[in-house]
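Descriptive analysis of the structure
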Amino acid sequence: MVLIAPENGLVKESMITAYILTILKPGSADKAIQEMRKIDHVEKISVVAGEYDIVVRVQVDNLEELLDVTNRIQMIDGVEKTTTQIIEKEIAL
Amino acid sequence: MIIRKKYLFYVLALSSAVANAFASGVDAVVSSLFIHDPWAFGVACFLVGVIIALIFSIILSIRFKDKSLGSKAIDPSFNHLRFIRREEIKYQLLSAFGNAILTIGYYILLSILADPSVVIPFTQMVILYLVLMESITEKDMPTLVEVQSALIVTFGAILGSISFSGDINLLSLAIVFLVINPGWMISSIYQRKLKLLKINGKPNDSLNIRFWNVLFAFLITSGIVLIYDISSGANHLLNGIIYAFRFFNWISIMGIGTFFSLVLYIRALGIGKASVTQAVKSTAIIFSIPVSIILAYLNIIPSFSTDPTMVAIRGIGIILMILGIASYALTLVKAYIFIEMKPGYPILDIMRKLWDIRGVTRVAAVAGKYDFIIKIRTRTLVKGYEKIIRKLNEIEGIKKYKWESVLREWEKL
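As a starting point, this report considers the structure included with it.

Let us look at the packing of helix α7 (residues 170-196) of chain B against helix α8 (residues 206-232) of chain B. All names here are of chain B. Contact pair α7 / α8: the axes reach a minimum separation of 10 Å and the direction vectors enclose 140°. On the basis of their axis angle, the class for α7 and α8 is oblique. You can see that α7 and α8 cross each other, and the crossing is right-handed. Of the residues in α8, those touching α7 at Gln191, Leu194 and Lys195 are Ser206, Ile209 and Asn213.

Taken residue by residue, the interface counts 36 residues in chain A and 36 residues in chain B. Between chain A and chain B lies a buried interface of about 3,500 Å² when both sides are counted; carbon and sulfur atoms form 57% of it. Where chain A packs against chain B, one counts 4 salt bridges. Note that B:Lys369 and A:Glu51 form a salt bridge whose closest N and O atoms lie 3.8 Å from each other. Scanning the region where chain A abuts chain B turns up 17 residue pairs in polar contact (both at pLDDT 80 or more).

Moving on, we come to the packing of aromatic side chains. We describe a pair of aromatic rings using the distance from one ring centre to the other and the angle between the two ring planes. On inspection of all chains with the given rule, the structure shows 18 aromatic pairs over all chains. Centre to centre, the rings of B:Phe9 and B:Tyr10 are 4.9 Å apart; their planes meet at 80°, and the pair counts as edge-to-face. With respect to class, B:Phe9 is no different from B:Tyr10; both count as buried. When the centroid spacing of 5.6 Å and the interplanar angle of 45° are considered together, the rings of B:Phe34 and B:Trp250 count as tilted. Taken together, the residues B:Phe34 in the loop between α1 (5-33) and α2 (38-61) and B:Trp250 in helix α10 (residues 248-269) connect sequence positions 216 residues apart. Here B:Phe34 falls in the partly exposed class, since its relative accessible area comes to 26%. Assessed through its relative accessible area of 36%, B:Trp250 is described here as partly exposed. Through successive ring pairs, a cluster of aromatic residues spans A:Tyr19, A:Tyr52, B:Tyr336, B:Phe338 and B:Tyr370.

Now for the nonpolar core. Ranked by size, the top nonpolar core spans 39 residues in total, and within it B:Ile35, B:Leu207, B:Val225 and B:Ile251 carry the most contacts. Breaking this core down by element, the ones donating at least two residues are α1, α2, α4 (86-112), α8, α9 (236-246) and α10 of chain B. Among the elements that take part in this core, α2(B) stands out by supplying 13 residues, more than any other. Apart from residues no more than four positions distant in its own chain, B:Ile251 is found in contact with B:Val30, B:Ile35, B:Ala44, B:Cys45, B:Val48, B:Tyr243 and B:Ala244. One finds A:Ile91, B:Met341, B:Val363 and B:Phe372 within the second-largest nonpolar core, a separate group that totals 22 residues.

Relative to the assigned elements, B:Ser57 resides in helix α2. Owing to a relative accessible area of 0%, B:Ser57 belongs among the buried residues under this scheme.

Let's shift gears to the pairing of strand β6 (residues 333-341) of chain B. Along a regular strand, successive side chains alternate from one face of the sheet to the other. Residues and elements named next belong to chain B. Buried residues dominate β6, accounting for 8 of its 9 residues. In terms of strand pairing, β6 meets strand β8 (residues 372-378) through 7 bridges, oriented antiparallel. In the sheet register, Ile337 faces β8, and the bridge partner there is Ile374. Two strands pair when backbone bridges link them, and β6 and strand β9 (residues 398-412) are joined in this way by 8 bridges, in the antiparallel orientation. Considered in β9, the bridge of Met341 is made with Ile398.

Right, let's talk about the pattern of salt bridges for a bit. It is possible for side chains of opposite charge to pair when their charged atoms get near one another. On inspection of all chains with the given rule, the structure shows 13 salt bridges over all chains. As a salt-bridge pair, B:Arg362 and A:Glu90 come within 3.0 Å of each other at their nearest N and O atoms. Of this pair, B:Arg362 sits in strand β7 (residues 360-367) while A:Glu90 sits in strand β4 (residues 79-92), on two different chains. Just as B:Arg362 is buried, A:Glu90 falls in that class too. Notably, a salt bridge pairs B:Glu386 with B:Arg390, separated by 2.4 Å at the nearest N-O pair. Remark: B:Arg390 and B:Glu386 occur in helix α15 (residues 381-394); sequence separation between them is 4 residues, near one turn of the helix. Judged by relative accessible area, which is 39%, B:Glu386 ranks as partly exposed.

Cut-offs used in this document
- Residues numbered from 1 in each chain as written.
- Chains lettered and ligands numbered in written order.
- Predicted model: local features only at pLDDT ≥ 70, side-chain atom pairs only at ≥ 80, totals over all residues.
- Heavy atoms only, no water.
- Axes fitted to C-alpha atoms, helices over the stretch in contact; angles between N-to-C directions.
- Helix = DSSP H or I, 4+ residues; strand = E, 2+ residues; numbered from the N terminus.
- Parallel < 35°, antiparallel > 145°, perpendicular 65-115°, else oblique.
- Left-handed = near helix turned anticlockwise from the far one by under 90°.
- Contact = heavy atoms within 4.5 Å.
- Buried area = accessible area lost by both parts, 1.4 Å probe.
- Salt bridge = Lys/Arg side-chain N within 4 Å of Asp/Glu carboxyl O.
- Polar contact = N/O pair within 3.5 Å; in protein donor to acceptor, adjacent residues only side chain to side chain.
- Phe/Tyr/Trp six-rings, centres within 6.5 Å; stacked < 30°, edge-to-face > 60°.
- Buried < 20%, exposed > 50% of the residue type's maximum accessible area, 1.4 Å probe, protein only.
- Core = buried A, V, L, I, M, F, W, Y, C linked by side-chain atoms within 4.5 Å.
- Pairing = 2+ DSSP bridges.

These figures come from the coordinates and say nothing about function on their own.
Printed below as a string of structure tokens:
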């Protein structure tokens, strides 16, 4: 079992990692994903089934950059709503 | 670059298998045409392996437009060849030790049996050793599907490489099961640990791991061969070194195949479990069939058996392997659970409790609408869902949770 606390490696101490949960208009998923893949700082894009449509994991240096990324995601055609969740502490395999 | 992680894993493991099949083809040529002393051949392979790993690691360290060639072509986390880190030494020693035991076990096998081709297929059982080991060391126990797939691939691999031409005895089987397979298991498990280590906050790279690994394994193996030489009065070590230079061209072709096979394998180990990676890599058996047909055609190895029974058995073996690997690839289910908490419960306690649920691979305490986001990995949706949800319901303080199954996923690498 490998425990990686955010402060020792996975994420640099000054880095901010966040999940951006997005809801899309029906039928716009493929195009939106293509656009999201072009955005810097995006770590992972997961298409999910449930209340949300796409969960995006981003890693940025500061809040300014986070705002920039959220903004770019919101500007994508078909994105209806986003909710940003900033990670405070994390344990991962 | 953001790509589908699942594809990358299978591309890496399968390319590793192709390179492996190529290397074992050259291995067959060299051992049947040039070098008949297996101990010396082993030493020669390791020595040339170190030289090849050094040359390629240096070439791949060349920087081109701000990035090294290796990071573009092989592993994005590779920067340049570097000195071994203190935190790596323990794992490298254990991994190299496993590699040395496996190699020595193989030599002993060759020296007690003229033709061990009947027992060699049983080395594929290493997949099951890895499954067993992971159930002890990794957080998630193997599920029924994983055990099933591992068994199917293992039996397929045994059937696919079976041979009735060699000798078999109890001692040789004992060496395979008690020396070669455990050595292989130790080597894989510590290579995975090395790959998961973080160096300067970045993931470890497979090129440096391979270089230091082959160097350590060469030193340990030479040490053991030297002791054997002194005690038996033979000259394997010296002969090995002489062979390494006399047949450098041939052995280096093999060394290049092995180097790339292992570098890709180590990188795949950083993505998937060791047992699954090993299972996919065992498809080398399938890729080695065209290689052995060519070699048999050139009269380098005995002709390929066209006996209908043998062909049928091998065919069944290959179908089993493909089925097993497909079931690994298709049964993995991932999900996010978003959790809202009632006020008044300590965050760290809840985090620990969430982390202890089997199948949870990531727990993040977040600020926003939710309090926790956890990531789940399970192989059987109904069973996994029920178990995880039941455990979640036992945790006090959870107000609401939402399960979101992941349909597809892209990841930056």
